[in-house]
Amino acid sequence: MSTVEGARAGTPPAREDWPEPPSATEAGELLTDVVLTTFRLNARLMEVAQELGAEGGLTAAWWQVLGGVLDQPRTVAEIGRRMGMTRQGVQRVADLLVKRDLAEFRPNPAHRRAKLLACTESGYWAIRRIALAQRPWANRIGAEIGADELRKVRATMRRLITALEADQPAGVSARGR
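Concerning the overall build of the protein
Along the backbone of the protein there are seven helices and three strands. For the protein, the N- to C-terminal ordering of α and β elements is α-α-α-β-α-α-β-β-α-α. For a compact globule of 177 residues, the expected C-alpha radius of gyration is about 16 Å, and the protein comes in at 21 Å, more than 25% above that figure. Once the C-alpha set of the protein is aligned to its principal axes, its extents read approximately 60 × 45 × 30 Å. Looking at the 177 residues of the protein, the share that counts as buried comes to 20%. Looking at the protein alone, contacts between residues at least 24 apart form 45% of all its contacts between residues at least 6 apart. Per element, the accessible surface of the protein, about 13,300 Å² overall, is 55% carbon and sulfur. Both charge centroids of the protein, one from 26 positive and one from 21 negative side chains, sit 9 Å from each other.

Dropping the structure here:
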């Protein structure tokens, strides 16, 4: 059993037996910094989402799931893929939204068991109340950064998502490689 395999099994080896990681390239170091910066950005965005969501009586997670069905009803799995959430997490939130009359399950003509989640009038009203606070916030922060810079950031983020998804075959975690 290798040192790394032994460490995965339980007790870590003595430090002097730890393998050295491969040397980092400039792009690798920058990507690592981008990931760490993204963690911080995500934390701050989630704080803001909680504050803004409260304007409509929603949590950030409820807002996120409702946001996945504003334009059309979708299955729980489709919402998960679209919003970057697990199917189980979406299901838990969807059940709460339905219980609170913010969304409803509808029959799915394409699949008997996978019902469609749809926003109700109460759900749309909650989203409208959030928008009354979110739009001025987005306009203020967006003006500070600038539209051109935000377009570049969005394009880079989309390229990163594409590269990460291409590097990760379906159903395989990075640890499983």
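After presenting the structure, the write-up continues.
Description of the pattern of salt bridges
Throughout the structure, instances matching the rule amount to five salt bridges. Arg-74 serves as the salt-bridge partner of Asp-71, at 2.6 Å between the closest nitrogen and oxygen. Arg-106 is paired through a salt bridge with Glu-104; the nearest N and O atoms lie 2.9 Å apart. Residues joined in a network through salt bridges with shared partners are Asp-71, Arg-74 and Arg-82.

Observations concerning helix α6 (residues 121–145)
Taking 1.5 Å of rise per residue, the 25 residues of α6 would be expected to cover 36 Å, and the 34 Å separating its terminal C-alpha atoms lies within 8% of that figure. At Ala-131, α6 is deflected by roughly 35°, the largest bend along its length. Restricting attention to buried positions, one finds in α6 the residues Gly-123, Ala-126, Ile-127 and Ile-130. The elements touched by buried residues of α6 are α2 (26–54), α3 (60–67) and β3 (116–119). Looking one or two places after α6, you find Gly-146, whose phi comes out positive at around 100°.

Let's talk about the nonpolar core
In a soluble, globular protein the nonpolar side chains are often hidden away together inside. Among the nonpolar cores identified, the biggest contains 24 residues, and Leu-58, Trp-63, Val-65, Leu-66, Leu-97, Leu-102 and Leu-117 are the most heavily contacted of them. Elements supplying a minimum of two residues to this core: α2, α3, α4 (76–83), α5 (87–99), β3 and α6. Here the element with the most residues in this core is α3; it accounts for five residues. Discounting residues that sit within four places of it in the chain, Val-65 has contacts with Ile-79, Met-85, Val-90, Val-93, Leu-97 and Leu-117.

Some thoughts on a nonpolar patch on the surface
Where nonpolar side chains cluster on the molecular surface, the patch consists of Leu-31, Val-34, Val-35, Leu-36 and Phe-39 and spans about 440 Å² of accessible area. Counting through the fold element by element, Leu-36 comes out in helix α2. When its relative accessible area of 52% is taken as the criterion, Leu-36 is described as exposed.

Scoring rules and cut-offs
Residues numbered from 1 in each chain as written. Predicted model: local features only at pLDDT ≥ 70, side-chain atom pairs only at ≥ 80, totals over all residues. Heavy atoms only, no water. Helix = DSSP H or I, 4+ residues; strand = E, 2+ residues; numbered from the N terminus. Rg over C-alpha atoms; globule rule 2.2 N^0.38 Å. Buried < 20%, exposed > 50% of the residue type's maximum accessible area, 1.4 Å probe, protein only. Contact = heavy atoms within 4.5 Å. Areas by Shrake-Rupley, 256 points an atom, 1.4 Å probe, with all protein chains shown as cover. Lys, Arg positive; Asp, Glu negative; His and termini not counted. Charge placed at Lys NZ, Arg CZ, Asp CG, Glu CD. Salt bridge = Lys/Arg side-chain N within 4 Å of Asp/Glu carboxyl O. Expected span 1.5 Å × (residues − 1). Bend = angle between axes of the 7 residues up to and from the residue. Core = buried A, V, L, I, M, F, W, Y, C linked by side-chain atoms within 4.5 Å. Patch = residues over 30% accessible without salt bridge, like charges linked within 9 Å, V, L, I, M, F, W, Y side chains within 5 Å.

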